[in-house]
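If you want the building blocks of each chain, they are given just below.
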Amino acid sequence: MRFDMRAPDGGAPADALYAAALDMAAWGEEHGALALVLSEHHASSDGYLPSPIVLAAAMAGRTTTVPITVAALLVPLHDPVRLAEDMAVLDVVTRGRVSYVAGLGYRPEEYAMFGQQLSERGRRMDDCLDVFRQAWSGEPFTYAGRIARVTPRPFTPGGPMLMYGGGTAAAAQRAARHGLSFFAQVAAPGLESTYLEACAEHGTTPGMCIIPAAGSATTIFVATDVDEGWDRYGPHMLHDARMYAAWLGDAAAASKSEAITIDALRAEAGAYRVLTPEQAVAYVREFGMLALHPLCGGCPPDDAWASLELVATEVLPALS
């Protein structure tokens, strides 16, 4: 289950969405969610989640076992020592339930907001990843000419699970160079082989290499009547799609859509879909999971719950 907390005009208010997200986190654990996934962006006109670690902590307080993943955490925008502290504390509190996918980010306005240079983001990412490794040892180290020591020592030996995300060969190579698993944002040919070759070159042990399955969706709602479902959920999915398309430009991503109307978004049968319960069952049997994004584009909680209830009463029983 993914939550990015967009709250555009015309959707539900932010306070209602955040309250619903916490309830849905508990629902997800009760119904066997593989993970709760949070994202990070800043300076978004629709209030996209800027503080995923805060929301992850709140969700952790409502759950006990479900994994929580921050994907992606825009590492270069943060002070790495302070970020390492927050991640260490959350690792202790959750006994290692929270993992992270480090991402560079790509929006100039975000870098400007935090006084960072977009052109320096790769070098800064490398520096931050090196800081994490030192910080989570629990020993003093030097950063930017200052002595630092991060406490508490993480619950997870070596620090919270950290992966590296991206959709380019350079991203795969950076993951390998730092000895991290690679989380690809697109099913681009050759990314896995690039990652494995770079691991061999740098003498690092390959971790997971997660590539989106071709033909899979990233946002799914379930409705008994697909036409009614598109009337209900389509405007919110279109908002999400149009915002991402404007941000990404020519860059590729599994969630990217070029649609500018609800009808076009539906016709793509791509990242955004409304499925009947029967279609959702078939989808899970083909792809192994159902990518739920219940509050997508500020979807009102009552409408989002209607989709989740169908998952609980008609989809999951058919798969058991």
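The residue numbering used here restarts from 1 in each chain and proceeds along that chain's sequence as written. Side-chain atom pairs in this predicted model are given and counted only at pLDDT of 80 or more, local residue features only at pLDDT of at least 70, and totals for whole chains, interfaces and linings cover all residues. Computation of side-chain values covers all heavy atoms of the structure but excludes hydrogens and water.

### What about the pairing of strand β4 (residues 98-103)?
Under the scheme applied here, a residue whose accessible area is under 20% of the maximum for its type counts as buried, over 50% as exposed, and between as partly exposed, the area being computed with a 1.4 Å probe on protein chains only. Elements are defined by DSSP. Helices are runs of H or I of four residues or more, strands are runs of E of two residues or more, and each kind is numbered from the N terminus. Within β4, six of the six residues are buried, which leaves the element mostly enclosed by the surrounding structure. Residue alternation in β4 divides its side chains into two sets, V98, Y100 and A102 and S99, V101 and G103, and both sets are buried. Between any two strands, pairing holds if DSSP finds at least two bridges. Of the pairings in the sheet, the one linking strand β3 (residues 68-74) to β4 comprises six bridges and is parallel in character. Within β4, the position partnered with V70 by the bridge is Y100. The handedness of the β3 to β4 crossover, carried by helix α3 (residues 80-94), is right-handed. When the strands point away from the viewer, a crossover counts as right-handed if the route from the first strand across the helix to the second turns clockwise.

### Topic: the pattern of salt bridges
The term salt bridge refers to a pairing of a side-chain nitrogen on Lys or Arg with a carboxyl oxygen on Asp or Glu at a separation within 4 Å. Under the criterion given, the structure shown has 18 salt bridges. Salt-bridge contacts for D303 lead to R232; the nearest nitrogen and oxygen are separated by 3.6 Å. Linking D303 in helix α11 (residues 301-319) with R232 in helix α8 (residues 226-248), this pair joins segments that are 71 residues apart in sequence. When its relative accessible area of 28% is taken as the criterion, R232 is described as partly exposed.

### What to know about a nonpolar patch on the surface
Grouping into patches uses exposed residues only, defined as over 30% relative accessible area, and leaves out salt-bridged ones; the cut-off is 9 Å for like charges and 5 Å for nonpolar side chains (Val, Leu, Ile, Met, Phe, Trp, Tyr). Computed by Shrake-Rupley with a 1.4 Å probe, the accessible areas treat only the displayed protein chains as cover when residues are assessed. A grouping of M161, F183, M208 and I210 is seen on the molecular surface, where their side chains present a nonpolar patch of about 310 Å² in accessible area. Judged by its relative accessible area of 39%, M208 falls in the partly exposed class.

In short, the description is geometric, and any link to function would need to be established separately.
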